[in-house]
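For reference, the chains in residue letters:
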Amino acid sequence: QLTLEDANGSSARAIWWRGGDEPVPEERFDLALVVRTQDYRGKPQVQIEWIDARPAAGAVSLSKPSLEVIDRREIRNLDAVRAEIAALRAEFGEIRVWAEGEIAAQIEGARRRTQLEHGQTLALVHAPPGNAELQAIMARCAPQRVYVFGVDAGADDARAFLTRLAALVNYAIRQKNGQAALEDLAAATAQRVTTVRAGLEWLAEQGAIVVTFDGEIAQISPAAGGRGFADHARLRALIDESKTFRHYWNLMRTANLRTLMTIR
């Protein structure tokens, strides 16, 4: 992350994917960037992404490494996916496999978004919950080729999500003094951080837990008792957003998948 300042003294924060090892321009420079909105802690904000830069009087050459996408979304059975992954390991050696929620435990060597490392070959077992999560996966792995499978994540039902989240909350209370990272809970439920936060707030409104947030860490403790009905319309809406994204993902052409996966 960087702070950018223009000639008029206006400043803004920006994200430069994989820019940690690159030299930052010391003189005035022109910047190619992408501006988009994102949801942070339930509040919309503008995000600037650094694409490339040149000296103010120079020329710029925008180049991106080619990304090979092998579309195997017709393979939806877990046993068939396991066989395909075994074949990929035999062909390429070590590969990165991404899966989350309850599916992660059913695929040998699968890693969640917080556990991925760089690797040339990446296998996506199911669709991610949103574009921001996809971009984070691609940035962490930085693959040259991606195999895309069509397993149903089984994570886009409000009741199932809350049941899974409640079990994770009970584990955090018993084993981790009530502390839980929101991103870890999101990976364990195959959902977005925003959805997890809304789920914890709903459980608190129900009187099931008491929760406070310190940045991206939730501090959870058991509550004395229930307080009645709490409307979870917002939670359902967030889950429906992920469901819509996964549906869109499953219908996209391979070329569009490649475009979506390219870090911008």
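It should be noted that the structure appears before, not after, this text.
This one's a predicted model, so the numbers in the text were calculated from it and none came from an experiment. (Residues numbered from 1 in each chain as written. Predicted model: local features only at pLDDT ≥ 70, side-chain atom pairs only at ≥ 80, totals over all residues. Heavy atoms only, no water.)

J.: For this particular structure, what's the right way to read helix 5 (residues 193-205)?
T.: Within an α-helix, residues lying three or four positions from one another point in the same direction, as the helix has 3.6 residues per turn. Taking 1.5 Å per residue, 13 residues should reach 18 Å; helix 5 reaches 18 Å between its end C-alpha atoms and fits that length. Most of helix 5 is tucked away: 10 of the 13 residues are buried. Here helix 5 has its buried residues at Thr194, Thr195, Val196, Arg197, Ala198, Gly199, Leu200, Trp202, Leu203 and Ala204. Phi turns positive one or two residues past the end of helix 5, at Gly207, with a value near 85 degrees. (Helix = DSSP H or I, 4+ residues; strand = E, 2+ residues; numbered from the N terminus. Expected span 1.5 Å × (residues − 1). Buried < 20%, exposed > 50% of the residue type's maximum accessible area, 1.4 Å probe, protein only.)

J.: Where do I start with the packing of helix 3 (residues 158-175) against helix 6 (residues 233-251) in this structure?
T.: Helix packing geometry: the angle between the two helix axes and the distance between the axes. As a packed pair, helix 3 and helix 6 sit with axes 10 Å apart at the nearest point and diverge in direction by 105 degrees. What the angle tells us is that helix 3 and helix 6 run roughly perpendicular. For the pair formed by helix 3 and helix 6, the contact residues are Ala158, Phe161 and Leu162 on the first element and Leu235, Arg236 and Ile239 on the second. When its residues are assigned to classes, the contact of helix 3 with helix 6 shows 5 nonpolar, no polar and 1 charged. (Axes fitted to C-alpha atoms, helices over the stretch in contact; angles between N-to-C directions. Parallel < 35°, antiparallel > 145°, perpendicular 65-115°, else oblique. Contact = heavy atoms within 4.5 Å. Nonpolar A, V, L, I, M, F, W, Y, C, P; charged D, E, K, R; others polar.)

J.: Just checking my understanding: could you explain the pattern of salt bridges for this structure?
T.: Oppositely charged side chains are able to pair whenever their charged atoms sit close together. The full count for this structure, using the stated rule, is 12 salt bridges. Glu100 is paired through a salt bridge with Arg113; the nearest N and O atoms lie 2.5 Å apart. Taken together, the residues Glu100 in the loop between strand 6 (96-98) and strand 7 (110-111) and Arg113 in the loop between strand 7 and strand 8 (121-126) connect sequence positions 13 residues apart. Accessibility assignment for this pair places Glu100 and Arg113 in one class, buried. Residue Arg140 is joined to Glu183 by a salt bridge in which the shortest nitrogen-to-oxygen separation is 3.5 Å. Of the two residues, Arg140 sits in helix 2 (residues 131-141) while Glu183 sits in helix 4 (residues 182-189), which places them 43 residues apart along the sequence. The class of Glu183 is partly exposed, set by a relative accessible area of 29%. It is possible to trace a salt-bridge network through shared partners that takes in Arg72, Glu74 and Glu84. (Salt bridge = Lys/Arg side-chain N within 4 Å of Asp/Glu carboxyl O.)

J.: Even after reading the chapter, I still don't get the nonpolar core, so can you show me in this structure?
T.: One broad rule of soluble globular proteins: the nonpolar side chains tend to lie buried together. Among the nonpolar cores identified, the biggest contains 25 residues, and Leu165, Val196, Leu200, Ile209 and Ile220 are the most heavily contacted of them. Every element with two or more residues in this core is listed here: helix 3, helix 4, helix 5, strand 11 (209-214), strand 12 (217-222) and helix 6. No other element matches helix 3, which puts 7 residues into this core. In contact with Leu165, not counting residues within four places along its chain, are Leu185, Thr189, Val196, Gly199, Leu200 and Leu203. In this structure, Leu122, Leu124, Trp249 and Leu257 belong to the second largest nonpolar core, which totals 19 residues. (Core = buried A, V, L, I, M, F, W, Y, C linked by side-chain atoms within 4.5 Å.)

J.: Would you mind showing me how to read the pairing of strand 2 (residues 11-14) here?
T.: For a regular strand, side-chain orientation follows a simple rule: the groups alternate between the two sheet faces. By the bridge criterion, 4 bridges tie strand 1 (residues 2-5) to strand 2 in an arrangement that is antiparallel. Bridging from a neighbouring strand, Leu2 pairs with Ala14 of strand 2. Taking the residues between adjacent antiparallel strands as the criterion, strand 1 and strand 2 are bridged by 5 residues, where Gly9 takes a positive phi near 90 degrees. (Pairing = 2+ DSSP bridges.)

J.: It is not clear to me how the sheet that holds strand 11 should be interpreted in this structure. Could you clarify?
T.: Hydrogen bonds along the backbone pair up the strands of a sheet, which may run parallel or antiparallel. Pairing within the open sheet is antiparallel, and its 3 strands lie in the order 10-12-11. Edge positions in the sheet fall to strand 10 (179-181) and strand 11, since each of these pairs with one other strand and no more. Strand-to-strand, the axes of this sheet are offset by a mean angle of 25 degrees, without reference to chain direction. Together, strand 10, strand 11 and strand 12 form the strand contacts of helix 4, whose direction differs from that of strand 10 by roughly 70 degrees. Along the sheet, helix 5 contacts strand 11 and strand 12; its crossing angle with strand 11, the most-contacted strand, is approximately 145 degrees.

J.: Just to check I follow, could you spell out the packing of aromatic side chains for this structure?
T.: What characterises a pair of aromatic rings is the spacing of the ring centres plus the angle enclosed by the ring planes. Applying the stated criterion across every chain yields a total of 4 aromatic pairs. When the ring of Trp16 is compared with that of Trp50, the centres are 4.1 Å apart and the planes differ by 15 degrees; the resulting orientation is stacked. Of this pair, Trp16 sits in the loop between strand 2 and strand 3 (29-40) while Trp50 sits in strand 4 (residues 43-55), and the two are 34 residues apart along the sequence. You can call Trp50 buried: its relative accessible area is 5%. (Phe/Tyr/Trp six-rings, centres within 6.5 Å; stacked < 30°, edge-to-face > 60°.)

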